[in-house]
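Single-letter residue listing:
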Amino acid sequence: GCVEVFAEAFYTVEEALKAILPEAQDVKEETKALSEEQKKAISSKANVEFNTEFDNEYRIYVGQANGQTAGYAFEDTVKGKWGPIHYMLAFDADGRIKDAIVLGLKERRGRPVKERKFLDQYIGKSISDPIKLNKDIKGISGATISSRQMSSGIRKLVYVFNELYKK
């Protein structure tokens, strides 16, 4: 049988940055990588797996407003059931999630992970929250794998943010 898979792009990086870091007057792009030791520590603490295809380095956008850091946005990709889910996660300076936006995905049933109803659950979360499906995040019926992968990816990024910017 033939299986239909939908590939959709919703936002460019520039559009996403304007949406999730609206107060930023200037945005600087940084690329950072974690050492194997850092990855092992995060993997253990956050109960996440690093993907060798997507987790080699992180593209981070640091937003500035009036000479102050207005927030950080991490670009990331996780594997959904049918293909990659490309998203962006914004943090405030304290490491709390400000916003999340899906840039694009290749999913059949996992498309609802791009909806505000799902993404808004992450806003305000930090390293002190579980950020786990069926704990503090409600999954999407029929899109369990996509929901789980997004939650795991976002939990991973919370720990990555703390490792890179809070030390």
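One can find the structure itself at the top, above this paragraph.
All figures in this text were calculated on a predicted structure; none of them were measured in a lab.

Q: Would you mind going over unusual backbone geometry with me for this structure?
A: Leaving glycine out, the prevailing phi sign among residues is negative, and the prevailing peptide bond configuration is trans. Here N66, not a glycine, exhibits a phi torsion of approximately 50 degrees, which is positive. Mapped onto the secondary structure, N66 falls in the loop between β3 (58–65) and β4 (68–79). Owing to a relative accessible area of 64%, N66 belongs among the exposed residues under this scheme. Here the phi dihedral of N134 falls at roughly 70 degrees; this positive angle occurs in a residue that is not glycine. With respect to the helices and strands, the residue N134 is situated in the loop between α3 (116–119) and α4 (144–165). You can call N134 exposed: its relative accessible area is 71%.

Q: Mind showing me how you'd approach the environment of W82 here?
A: As for its placement among the helices and strands, W82 is situated in the loop between β4 and β5 (84–91). Judged by its relative accessible area of 27%, W82 is partly exposed.

Q: Help me out: how do you make sense of the packing of aromatic side chains in this one?
A: Centre distance and the angle of the planes are the two values used to describe a pair of aromatic rings. Under the defined criterion, the tally for this structure stands at eight aromatic pairs. Judged by centre distance (5.6 Å) and plane angle (80 degrees), the rings of F74 and F91 are edge-to-face. Of this pair, F74 sits in strand β4 while F91 sits in strand β5, and the two are 17 residues apart along the sequence. Summarising the burial analysis for this pair, F74 and F91 share the class buried. Considering the side-chain rings of F118 and Y122, the 5.5 Å spacing of their centres and the 75 degrees angle between planes classify their relative orientation as edge-to-face. Assigned by exposure class, F118 and Y122 land together as buried. Every member of this aromatic cluster is reached through a ring pair, and the members are Y72, F74, F91, F161 and Y165.

So, how was this worked out
Residues numbered from 1 in each chain as written. Predicted model: local features only at pLDDT ≥ 70, side-chain atom pairs only at ≥ 80, totals over all residues. Heavy atoms only, no water. Helix = DSSP H or I, 4+ residues; strand = E, 2+ residues; numbered from the N terminus. Buried < 20%, exposed > 50% of the residue type's maximum accessible area, 1.4 Å probe, protein only. Phe/Tyr/Trp six-rings, centres within 6.5 Å; stacked < 30°, edge-to-face > 60°.

Function cannot be inferred from these measures alone, as they are strictly geometric.
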